[in-house]
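# Chains, contacts and geometry: an overview
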Amino acid sequence: MEIAVLLAVIGVLLLSGSIDLKLSRMDRRVARLERKIDLVLDHMGASEPADPRLEQVAALLREGKKIEAIKVYREVTDADLKEAKDAVERMEAGD
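These notes cover the structure that comes with them. (Residues numbered from 1 in each chain as written. Predicted model: local features only at pLDDT ≥ 70, side-chain atom pairs only at ≥ 80, totals over all residues. Heavy atoms only, no water.)

What follows is about the nonpolar core. Core analysis: the largest hydrophobic core is formed by 12 residues, namely Val 57, Leu 60, Leu 61, Ala 69, Ile 70, Val 72, Tyr 73, Val 76, Ala 79, Ala 84, Ala 87 and Val 88. Every element with two or more residues in this core is listed here: helix H2 (53-62), helix H3 (66-77) and helix H4 (81-93). Of the residues forming this core, the biggest block, 5 residues, is contributed by H3. (Core = buried A, V, L, I, M, F, W, Y, C linked by side-chain atoms within 4.5 Å. Buried < 20%, exposed > 50% of the residue type's maximum accessible area, 1.4 Å probe, protein only. Helix = DSSP H or I, 4+ residues; strand = E, 2+ residues; numbered from the N terminus.)

What follows concerns helix H1 (residues 2-44). Taking 1.5 Å as the rise per residue, H1 with 43 residues should run 63 Å; its terminal C-alpha atoms sit 63 Å apart, in good agreement. Gly 45 sits one or two positions beyond H1 and adopts a positive phi of about 75°. (Expected span 1.5 Å × (residues − 1).)

What follows covers the pattern of salt bridges. Any two side chains of opposite charge can pair, so long as their charged atoms come close to each other. Per the counting criterion, the structure on display carries 7 salt bridges. Lys 65 is the partner of Glu 63 in a salt bridge, and the nearest nitrogen-oxygen pair spans 3.4 Å. The partner of Glu 92 in a salt bridge is Lys 66, and the shortest N-O contact between them spans 3.5 Å. Residue Glu 92 is located in helix H4, and its partner Lys 66 is located in helix H3; the two are separated by 26 residues in the primary sequence. When salt bridges with common partners are traced through the structure, they connect Lys 66, Lys 85, Glu 89 and Glu 92 into a single cluster. (Salt bridge = Lys/Arg side-chain N within 4 Å of Asp/Glu carboxyl O.)

Direction vectors running N to C along H3 and H4 enclose 120°, while the axes themselves pass 9 Å from each other. Between H3 and H4, the angle is such that the two are oblique. In this structure, the crossing between H3 and H4 has a hand that is right-handed. Residues Lys 66, Ala 69, Ile 70, Tyr 73 and Arg 74 of H3 touch H4, and the partners they reach there are Leu 81, Ala 84, Lys 85, Ala 87, Val 88, Glu 89, Met 91 and Glu 92. Classifying every residue of the contact of H3 with H4 gives 8 nonpolar, no polar and 5 charged. (Axes fitted to C-alpha atoms, helices over the stretch in contact; angles between N-to-C directions. Parallel < 35°, antiparallel > 145°, perpendicular 65-115°, else oblique. Left-handed = near helix turned anticlockwise from the far one by under 90°. Contact = heavy atoms within 4.5 Å. Nonpolar A, V, L, I, M, F, W, Y, C, P; charged D, E, K, R; others polar.)

A separate point is a positive patch on the surface. Judged by side-chain charge, Lys 22, Arg 25, Arg 28, Arg 29, Arg 32, Arg 35 and Lys 36 come together as a positively charged surface patch. Considering the arrangement of structural elements, one finds Lys 36 in helix H1. We classify Lys 36 as partly exposed; its relative accessible area is 49%. (Patch = residues over 30% accessible without salt bridge, like charges linked within 9 Å, V, L, I, M, F, W, Y side chains within 5 Å. Areas by Shrake-Rupley, 256 points an atom, 1.4 Å probe, with all protein chains shown as cover. Lys, Arg positive; Asp, Glu negative; His and termini not counted. Charge placed at Lys NZ, Arg CZ, Asp CG, Glu CD.)

A cluster of acidic residues, Asp 27, Glu 34, Asp 38, Asp 42, Asp 80 and Glu 83, forms a negative patch on the protein surface. Broken down by element, the negative patch gets its largest block of residues, 4 residues, from H1. The residue Asp 38 is located in helix H1 in this model. By relative accessible area, Asp 38 is classed as partly exposed at 40%.

Moving on, we come to H4. Since the α-helix turns once every 3.6 residues, residues separated by three or four places project in the same direction. Taking 1.5 Å per residue as the helical rise, H4 with its 13 residues ought to reach 18 Å, and the 18 Å between its terminal C-alpha atoms agrees with that figure. Taken as a whole, H4 has its buried residues at Ala 84, Ala 87 and Val 88. In an axial view of H4, the angular spread of the buried residues amounts to 95°, which keeps them on one side of the axis. Exposed and facing more than 90 degrees away from the buried side of H4 are Lys 82 and Ala 93. (Arc of directions from axis to C-beta.)

Printed below as a string of structure tokens:
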């Protein structure tokens, strides 16, 4: 009985690790595709329409309210905390 439970736990851990690895690979592929799409849009002189709520993020940055800007950015884009922080910092740097 104890061996069966131990084997089940090991199996779940291995399966969990495999799923995490696949999700990580997929995240990298999606990021790579997004970069390529951005390059194509830049080359064509096109851009995706800017969300007017992103202007609110820029306004908050001008007021020195970086944390609020990150919160609004997350609401607008559904980005996770790290992505939002990085994006807001790029906006702050003028990139």
